[in-house]
Each structure stands twice: as C-alpha cells, then as structure tokens.
Amino acid sequence: MRILVVEDARSLAEVVAEGLRDQGMAVDLAHDGLEAAAKLDVNAYDVVVLDRDLPGVHGDVLCQMITGRDDRPMVLMLTAAGAPGDRVSGLTLGADDYLAKPFHFPELVLRIRGLARRRPSARARTLRSAGLELDPVRRTALRDGRPLSLSVKEFAVLEALLRASPGFLSAEDLLEQVWDENADPFTNTVTVTIGRLRRKLGGPPVITTTTGVGYRIADAPTGRRGAAPAR
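Residues numbered from 1 in each chain as written. Predicted model: local features only at pLDDT ≥ 70, side-chain atom pairs only at ≥ 80, totals over all residues. Heavy atoms only, no water.

Peer 1: Whenever I open this one, empty space enclosed by the protein confuses me. Can you help?
Peer 2: Picture a little ball the size of a water molecule; that probe, rolled over the atoms, points out where space is still empty. Using the criterion set out here, one finds one cavity of 30 Å³ or more in the structure. Put simply, the largest cavity is a space of about 40 Å³. Taken together, Val5, Val6, Glu7, Leu12, Ala13, Val16, Val49, Leu50, Asp51 and Leu78 make up the lining of the largest cavity. If you list the elements that add at least two residues to the lining of the largest cavity, you get strand 1 (2-6), helix 1 (10-22) and strand 3 (47-50). Among the elements that line the lining of the largest cavity, the one with the most residues is helix 1, at three residues. (1 Å grid on protein atoms, 1.4 Å probe; cavity = no way out; pocket = protein on both sides within 12 Å on 5 of 7 lines; lining within 4 Å. Points joined across faces, edges and corners; volume = space filled by probe spheres on them. Helix = DSSP H or I, 4+ residues; strand = E, 2+ residues; numbered from the N terminus.)

Set out below in structure tokens:
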C-alpha cells in the first residue's frame, strides 16, 4: 500500500510517515500543495493523508483536484479544523474521511486501511493463492494453515505479490509499492527480502523468478526456460 502524506508541519509529517512505515506501508511526503500535486502526477497512491491549510495550493483545492481524477486515491483529511462544520465542508469537497488533530495513531492506521479497502479497484480483504492466505487488516499470513512469522517488509512484499498474482512484479515495482520514493533503485534490498521470505515460506517454493521479468506467486516452479531457481 502506497500513501502520500501532505502536511506542512515537518515534524508531524515525519512522525506520521515513520509510524505508517512501521505498519508496512510505503510512504511519500509532501510539505505543500504544489509538491503534492507534482507527486500525484508521477506516482499512484492508494490513500492521500491531506492537511487542509497548506501553502502553495490549499488543501481544499488539492482535494478537489484529486477527486476529479480517474482511478483516484482515497482522501483522508487530517487537520486541526475539527468542528462539525469543518468536517461537513471537507467531506463536501470530496474527501472520503476526516480526522481531526490531535488524533490517536492506531485510529489513523485503521482509517487508512479502511479507505484502501473501499477503493473501487481494491480486491477482497483476504488474499489467497498457492496455499497462501494473507489478511492485511489482521496482519496475519498462513501457508497451508501454518502461521507465518514475517517482518513488516516481508509481509508487505508477500501482500504485493499476492495482489498481483498470477502476474509478475519486477524489483522496481516492489521498490515502488513496498518501500517509497527514497528507495535506492540500485540496492539489493528486494533480492535480500525475497530471499528471507522464501526461507520463511518453506518448500516447495511458491515465489518464482523469471529473468528480465520479475517475481510472481505460483503453485510450483514452472521449469520453463528463463525461470531462475530460488535464491
């Protein structure tokens, strides 16, 4: 899940971003409306956490810009303007949810996950393939009924692969979806994380690699030309 946090208070933005990353989300930051608009033109987000009183482009204007897009992200307004009238006006602008500051962080996480599930393009809550079962909300993962103990990044990589199944995700796709815009495209972090995940999933292997294409979930290695062995 990829999130854009738009907040001009840099210290708060960093705290929110780090907290969401600890929950396995890929998080980008923008500190004004212009920067946010530029990132929305380049990246696909599931949810935008949006402050209203922004420099550059006001949050209300940005919200209207977002809600006018095709396949748009969901919008959670996170703002100090918490009176009932402010909430009504924010929702009228097209925001999908509204949370006033100060807020309880676990509630913010639940609201973001709830919004992601409500996206028209969202899939079923429980993801299943090749004997794997993953629930992003309860943060549980099973293989053939056996609970898996996964790190935050391992869980996020498995979720991304299951959402894409039976299609492939390249290392670049995984960097974008699981890490964020600050990830080094030349790093081997995807390879290392996939390796750890494969070991925890056990045999027979269900994550296959096709050279020049990427990774995918499959019932068993295909054995076709171009398929690389587990590493």
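Having seen it, we continue.
Peer 1: For this particular structure, what's the right way to read the pattern of salt bridges?
Peer 2: Should the charged atoms of two oppositely charged side chains come close, the side chains can pair. Applying the stated criterion to the full structure yields 16 salt bridges. Of the charged contacts, one joins Arg21 and Glu18 as a salt bridge, the two residues approaching to 2.6 Å between their closest N and O atoms. Of this pair, Arg21 and Glu18 both sit in helix 1, separated by three residues, roughly a single helical turn. For Arg21, a relative accessible area of 17% corresponds to the buried category. Beyond isolated ion pairs, a larger network of salt bridges with shared partners links Arg2, Asp28 and Glu176. (Salt bridge = Lys/Arg side-chain N within 4 Å of Asp/Glu carboxyl O. Buried < 20%, exposed > 50% of the residue type's maximum accessible area, 1.4 Å probe, protein only.)

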